Amino acid sequence: KFLNAGQICIAPDYLLVDSRIKSDLTSAIAECIEQFYGDKPNQSPDYARIVSDRHFQRLAGLLEEGEIIIGGQVDEETRYIAPTVIENVSADSLLMQEEIFGPILPILEYQDLETAISYINSRPKPLALYLFSNDRAKQERVLSATSSGGVCLNDTIMQVGVIDLPFGGVGDSGIGSYHGRASFDTFSHYKSVLRRSLRFDLNWRYAPYSGKLERLKRLFGG
């Protein structure tokens with residue numbers, strides 16, 4: 001999520017987590033952020049800045065849409081927004097209605113997998129869907145019950161680097177795909193050609209039709 005400060009089109013826009021492990025997960029996320037960028041990410045040479053002032057202002061406004069539990073610090077002069085995790089976000093908030101494209105991760109709880117699937121399906125189809133689980137039955141359930149441009153199991157973003165996997169969206173997330181053979185197919189036009197002989201013609205296609213339809217029905221058992 002925080003690679004390039006979240007400015008990647010297939011970065012996760014929100015995280016659905018089983019309520020039983022939410023506390024452990026958020027603690028682990030905080031530990032990873034410190035491991036990646038130190039205790040002062042604004043001084044890390046590995047942490048990016050927001051691409052423009054306009055984009056910075058939009059993201060800074062989104063920080064007011066919920067309760068910040070990790071990060072939240074901003075510096076307008078350097079266009080710095082800290083790696084941020086936010087909870088208690090309304091489904092109607094701007095944070096959940098538009099692509100974030102920044103280092104802000106809303107975290108939502110669920111009690112059972114079907115509730116999570118229903119939430120995903122209630123929203124526009126995503127460009128990418130990520131599932132972390134070693135349970136093959138759960139993997140197959142999510143794959144069969146949801147629709148997305150692509151899926152990555154137990155990782156994020158890496159699917160775009162596999163040249164043989166078509167990359168593209170579905171529904172609101174895009175039309176068509178590219179990479180490898182898919183690129184050739186997307187940018188090629190298959191011209192349809194029907195070739196027939198001039199040796200004979202079937203006159204039942206032409207008027208007058210009186211009597212012809214009845215004979216055709218009898219011929220084909222209609």
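Check the entry above for the structure.
Residues numbered from 1 in each chain as written. Predicted model: local features only at pLDDT ≥ 70, side-chain atom pairs only at ≥ 80, totals over all residues. Heavy atoms only, no water.

K.L.:
Teacher, can you tell me more about helix H1 (residues 22-37) here?
P.N.:
Side chains that are three or four residues apart share a direction in an α-helix, a result of its 3.6 residues per turn. With 16 residues, H1 extends 22 Å between its outermost C-alpha atoms, agreeing within 8% with the 22 Å of an ideal straight helix rising 1.5 Å per residue. Among the structural elements, strand E1 (15-18), strand E2 (67-70), strand E5 (84-87) and strand E6 (104-110) are those in contact with the buried residues of H1. Immediately beyond the C-terminal end of H1, within one or two residues, lies Gly38, with a positive phi of roughly 80°. (Helix = DSSP H or I, 4+ residues; strand = E, 2+ residues; numbered from the N terminus. Expected span 1.5 Å × (residues − 1). Contact = heavy atoms within 4.5 Å.)

K.L.:
How should the pairing of E6 be read in this particular structure?
P.N.:
Two faces make up the sheet, and in a regular strand the side chains alternate between them. The element E6 is extensively covered by neighbouring structure, given that six of its seven residues are classed as buried. In this structure, E1 lies alongside E6, joined through four bridges in parallel fashion. Residue pairing in the sheet places Leu16 in a bridge with Leu108 of E6. Note that E5 and E6 share three bridges and pair parallel. For Val85, the partnering residue across the bridge sits in E6 and is Leu105. (Buried < 20%, exposed > 50% of the residue type's maximum accessible area, 1.4 Å probe, protein only. Pairing = 2+ DSSP bridges.)

K.L.:
Teacher, can you tell me more about the sheet that holds E6 here?
P.N.:
What links the strands of a sheet is backbone hydrogen bonding, and the strands pair in either a parallel or an antiparallel sense. Across the sheet, four strands lie side by side as E1-E6-E5-E2; this open sheet has mixed pairing. Bordering the open sheet on either side are E1 and E2, each of which pairs with just one other strand. Across the sheet, the axes of successive neighbouring strands diverge by a mean angle of 40°, strand direction being ignored. (Axes fitted to C-alpha atoms, helices over the stretch in contact; angles between N-to-C directions.)

K.L.:
Please clarify how the nonpolar core should be interpreted in this entry.
P.N.:
As a rule of thumb, nonpolar side chains are buried together in soluble globular proteins. Judged by nonpolar contacts, the single largest core of 26 residues is most densely connected at Leu59, Leu95 and Ile104. Counting residues per element, the ones that place at least two in this core are H1, helix H2 (53-62), strand E4 (80-81), E5, helix H3 (94-97) and E6. Broken down by element, the residue count for this core peaks at four residues, all from H2. Among residues more than four places away in sequence, those in contact with Leu95 are Leu62, Glu65, Ile86, Val89, Ile100, Ile104 and Pro106. By size, the runner-up hydrophobic cluster in this structure holds nine residues, among which are Ile8, Ile10, Cys152 and Ile157. (Core = buried A, V, L, I, M, F, W, Y, C linked by side-chain atoms within 4.5 Å.)

K.L.:
When you look at the environment of Ser19 in this model, what are you seeing that I'm missing?
P.N.:
Inspection of the secondary structure puts Ser19 in the loop between E1 and H1. Given the relative accessible area of 26%, Ser19 is considered partly exposed. Along the primary structure Ser19 and Gly72 are separated by 53 residues, whereas in three dimensions their C-alpha atoms are 23 Å apart.

K.L.:
Looking at this model, I keep getting lost on the packing of helix H4 (residues 113-121) against helix H5 (residues 136-145). Mind explaining?
P.N.:
For any two helices packed against each other, one specifies the inter-axial angle together with the distance between the axes. Where H4 meets H5, the axes come as close as 11 Å, and the angle between the chain directions of the two elements is 25°. Considering the angle they form, H4 stands roughly parallel to H5. Crossing hand, H4 versus H5: right-handed. For the pair formed by H4 and H5, the contact residues are Leu113, Glu114, Ile117 and Asn121 on the first element and Lys138, Arg141, Val142 and Ala145 on the second. Residue classes in the contact of H4 with H5 are distributed as four nonpolar, one polar and three charged. (Parallel < 35°, antiparallel > 145°, perpendicular 65-115°, else oblique. Left-handed = near helix turned anticlockwise from the far one by under 90°. Nonpolar A, V, L, I, M, F, W, Y, C, P; charged D, E, K, R; others polar.)

K.L.:
What exactly am I supposed to notice about the environment of Tyr110 here?
P.N.:
Within the secondary structure, Tyr110 is located in strand E6. A sequence separation of 88 residues divides Tyr110 from Lys22, and the C-alpha atoms of the two residues are 9.6 Å apart. Not counting residues up to four positions away in its chain, the partners in contact with Tyr110 are Leu16, Val17, Asp18, Ser19 and Ala116.

K.L.:
For this particular structure, what's the right way to read the state of the cysteines?
P.N.:
Here is the idea: a disulfide is a covalent bond, and it sits between the sulfur atoms of two cysteines. Taken as a whole and judged by the stated rule, the model has zero disulfides. No disulfide involves Cys152; its nearest neighbouring cysteine sulfur is the one of Cys9, lying 14 Å away. With relative accessibility at 9%, the residue Cys152 sits in the buried group. (Disulfide = S-S within 2.5 Å.)

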